[in-house]
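# Inside the fold
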Amino acid sequence: MPRTPTRNGNGSPRNGASKYDAHHKVLSQTYGAFADLRRELSDSKTTVNEREDMLKGFAVCPDSQRAWLLLEDYFEKLSLSRRDFPATDWWPKMLATQGKTRLEELAFLFLRAKRSVPPELQPHASLERFAHAEEAEQEVRLVRELENWLAPATPLHLDTPRATLRVVCQPQPDEQEPARFRLAVQFLLLRPRTGEKARSLHDLVDLVVRAAHEQELFTPWDWEFIQWIYDTHRERAGNETTLVLADPELLQWLARWGHTKRLESAANGQPLFFHGHVVSLAPHLENGTKELSFTHRIALPDGVHHCVSDAKFFNRQSPVALLGNEFFLLRNAPPNGVLKHLAQRPSVPVRRLSHRLLLHLRKTQSNHGVDWEQLCVAHPAAPQFVLNCSMTPCNCGCSPKACATKARGCGAAMNGRRITA
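A short tour of the structure in this document, coming up. (Residues numbered from 1 in each chain as written. Predicted model: local features only at pLDDT ≥ 70, side-chain atom pairs only at ≥ 80, totals over all residues. Heavy atoms only, no water.)

## Quick look at the packing of helix α8 (residues 201-209) against helix α10 (residues 220-233)
The criterion, for reference: Axis definition: a line fit to C-alpha positions, over the contact stretch in the case of helices; interaxial angles, taken between N-to-C directions, run 0 to 180 degrees. Secondary structure counts use DSSP, requiring at least four H or I residues in a row for a helix and at least two E residues in a row for a strand, with both numbered from the N terminus. Under this scheme an angle from 65 to 115 degrees is roughly perpendicular, one under 35 degrees roughly parallel, and one over 145 degrees roughly antiparallel; angles in between are oblique. Two residues form a contact once any of their heavy atoms are found within 4.5 Å.
For the pair α8 and α10, interaxial distance at closest approach is 9 Å and the crossing angle is 110°. Between α8 and α10, the angle is such that the two are roughly perpendicular. Between α8 and α10, the contacting residues are Leu201, Leu204, Val205, Leu207 and Val208 on the first element and Trp223, Ile226, Gln227, Ile229, Tyr230 and His233 on the second.

## As for the environment of Leu106
Among the structural elements, Leu106 can be located in helix α6 (residues 100-112). Between the alpha carbons of Leu106 and His124 there is a distance of 8.7 Å; along the sequence they are 18 residues apart.

## Considerations on the packing of aromatic side chains
The test is simple: Classification of ring pairs rests on two measures: the distance between centres of Phe, Tyr or Trp rings, Trp counted by its six-membered ring, which must be within 6.5 Å, and the angle between planes, read as stacked under 30 degrees, edge-to-face over 60 and tilted in between. Each residue is placed in one exposure class: buried if its accessible area under a 1.4 Å probe, protein chains only, is under 20% of its type's maximum, exposed if it is over 50%, and partly exposed if it falls in between.
This model, assessed by the stated rule, comprises 19 aromatic pairs. Relative to Trp253, the ring of Trp228 has its centre 5.3 Å away and its plane inclined at 80°; by these criteria the two rings are edge-to-face. Taken together, the residues Trp228 in helix α10 and Trp253 in helix α11 (residues 247-257) connect sequence positions 25 residues apart. In terms of burial, Trp228 and Trp253 fall into one category: buried.

## Comments concerning the nonpolar core
Short version of the rule: For our purposes a nonpolar core is just a set of buried Ala, Val, Leu, Ile, Met, Phe, Trp, Tyr and Cys residues, chained together by side-chain atoms within 4.5 Å.
Core analysis: the biggest nonpolar cluster contains 33 residues, and Phe187, Phe225, Trp253 and Phe327 have the highest contact counts within it. Where this core is concerned, the elements lending two or more residues are β1 (164-173), β2 (180-191), α8, α10, α11 and β10 (320-323). Counting residues in hydrophobic clusters, the runner-up holds 26 residues, among them Ala59, Leu78, Met94 and Ala107.

What follows is the structure, encoded as structure tokens:
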């Protein structure tokens, strides 16, 4: 059995670890590169031999309890204890080996804890083998993390879950820019005794603190969300029952839960989705009741168009649009003034547009399936050549007018002839 901590004469636990660390720290700071040599000289040969004999017995001991006691005696000689090495997986690995391999594991234990290796263990502390062992352990940890990430273990519930969680989302206008919206989130927790009540972030964080008896009340699907809330929002946990998401938080929530049915719309009770699709605002002409008007439509990736009034716009940076029950990233977000106008009056009479804007729209949008020729009339141009001759008679004796009509056939040069286009 493990021994109880050794106490001094006054009955208080000895502070061996701090003495060991302070001693070797002073040696390292004082002697620098010669610190290892000074450590060897600081211990008497008899002391080193005693610890070496303990290591020999520890290396070949087949009994786990006796090996435990031998290792504790060795640590006591160094003013250390097993508690000074807080890792929990080193003892089974050390017990599974014998001989020089066990002593090598013990030397690696000092290296992992960043403690000075005693002189009797230095022949077994190969830095090259330690680097290879660390690399192999990192690969094992990576595989374990990949397994927990890609194939997490499902906790077993012995009873039917007695609590459920709903995340209800409601778009609300931004106080500074009413044309834009913020996503307000409420956490509705249902328990058999209390019914469904809105809970705050502080209440959800408190559930994780009491996880020993709270986790078994929820489904793994609900507890995964509660744990995520604890990891990401515990610093801003308050007592408000409505959480208004900021711009970065909205993207974070959509990226994490947009492909699931976790986020629920308060308007129709249906899930809110986000699949990373990008939409854009496309110019459009429409025949109103009185005159031709210019407006925009939202073009979806599948070619379907929607009116701007059907969407709700979120975020100033990395703008997001909500159409129905699906969020989209907005490619060419308009300025705030344009967005405010589109939210109130989505169309503008064509007669109000400037000539420069009309010309730009006709040039850039003519191949998008809309008759943009309605904006302005384009007159076809054709080249015209005009020949002007001076009234001075030419050398051939004909009049200037006759010379101009037969200038190509006349071989004589005209005096002062001029051709203009």
